[in-house]
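# Structure at a glance
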Amino acid sequence: MSRFIALDGPDGCGKSTQARRLVEALRAQGHSVLHLREPGSTPFGERLREALLDPSVGDLAPLTEALAFFAARRAMLDEEVAPARARGEIVVAERSFLSTVVYQGAACGQDGVADDVLRWITAAVHERCRHDLLVVLDVDPEIAARRAADRNPDRIEARGVEFQRLVRAGFLEVVEPGHWASGLAASGILRVDANRTLDEVHEDVLRAAVACIGEGPAAGRP
Ligand code: Z5A
């Protein structure tokens, strides 16, 4: 049975590592799994990713950034996620619309894209292809910064630890029960404490994914 699962969270929360481990574990259980990343995973999306992360691009308005992330997302849904779902595969993606809601919305304060605009565009972009499970890996920005200390920051990472605090607060808002975002994932949004060891985080992520895969089909699920 096909499922669409995304791992999201602040920079350095461990999404890429946990996505790789989840994909390996699910494949070891016999599932056919497609591993994607946002922005990216299509030729168009990878070109947008390059531009969006390139420090030489300089500042962009939050709405400009949001529209570019949504454009890359829609291409990935049409070209990769929908066909994989039709083949009955499990899709594991790094990041989701939650990142746009947080990075281009809540974390930008008054300059951010308004929540009702983000909600409208998200619904339109995901009209025919929605997540089953969204996992937010919640991490203290100082811990995340130490983990990524040996890397050159990309355009968005270069905003520093204060911005990362706002990003974390934004993710903690979207995992609150009743936030509109949870209505776009059949099994909802789960917060996982990512301040722990890789193995502890993996156990929680795998347990949630296996539970989601084991659940019966939701109404309207493609
Ligand atoms: N962005 C946006 O603004 N709006 C949007 O809509 C979308 C994205 C979709 C690119 O995302 C940027 O785009 C990102 C958000 C923005 N901004 N920034 N910066 P990305 O996902 O490609 O980039 P990232 O968040 O910077 O990913 P990352 O740096 O690769 O981090 P990660 O995937 O969360 O972590 P990792 O690579 O798995 O781990 C980092 C290191 O920590 C690595 O050495 C691990 O071995 C180590 N690690 C991870 N977990 C642990 C634990 N639990 N213990 C110890 N060490 C650990």
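Everything that follows concerns the structure shown earlier in this document.
Predicted model, so just to flag it, every value in this text is computed and none were measured. Within each chain, residue numbers correspond to sequence positions counted from 1 in written order. This being a predicted model, a pLDDT of at least 70 is required before a residue's local features are given, and a value of 80 or more before pairs of side-chain atoms are given or counted; all residues contribute to the totals for chains, interfaces and linings. As a rule here, side-chain values come from all non-hydrogen atoms in the structure, and water together with hydrogens is ignored.

## A few points about the site of the ligand
The rule for a residue being near a molecule or strand is that one of its heavy atoms must lie within 4 Å of it. Taken together, 26 residues lie near the ligand, and Thr17, Arg49, Arg95, Thr100 and Arg151 sit nearest. Between N or O atoms, a polar contact is any pair within 3.5 Å; within protein, one atom must be a potential hydrogen donor and the other a potential acceptor, and residues adjacent in sequence are included only when both atoms are from side chains. Separating an oxygen atom of the ligand from a side-chain N or O atom of Arg95 is a distance of 2.5 Å. The protein chains hide 83% of the 1000 Å² of surface that the ligand would expose on its own. Under the scheme used here, helices are H or I runs from DSSP no shorter than 4 residues and strands are E runs no shorter than 2 residues, and both carry numbers assigned from the N terminus. Elements with a minimum of two residues in the shell around the ligand: helix H1 (15-28), helix H2 (43-53), helix H3 (62-86) and helix H4 (97-105). Of all the elements, H4 adds the most residues to the shell around the ligand, at four residues. Only the protein chains shown count as cover for residues, and all accessible areas are computed by the Shrake-Rupley method using a 1.4 Å probe.

## A look at the pattern of salt bridges
Side chains bearing opposite charge may pair, as long as their charged atoms lie close to each other. Put simply, a salt bridge is a Lys or Arg side-chain nitrogen that is within 4 Å of an Asp or Glu carboxyl oxygen. The tally for this structure, following the rule as stated, stands at 16 salt bridges. For the salt bridge of Glu65 with Arg159, the shortest nitrogen-to-oxygen distance reads 2.7 Å. A residue pair is termed long-range when its members are at least 10 positions apart, and Glu65 in helix H3 and Arg159 in the loop between helix H6 (141-147) and helix H7 (160-174) qualify at 94 residues. Any residue under 20% of the maximum accessible area for its type is buried, any over 50% is exposed, and the rest in between are partly exposed; the area is computed with a 1.4 Å probe on protein chains only. We classify Glu65 as buried; its relative accessible area is 1%. Across the pair Arg207 and Glu203 runs a salt bridge, and its minimum N-O distance is 3.9 Å. A residue pair is termed a helical-turn pair when its members lie 3 or 4 positions apart in one helix, as Arg207 and Glu203 do in helix H8 (residues 198-214) at four residues. Here Arg207 falls in the exposed class, since its relative accessible area comes to 51%. Sharing partners across several salt bridges, the network here consists of Arg196, Glu203, Asp204 and Arg207.

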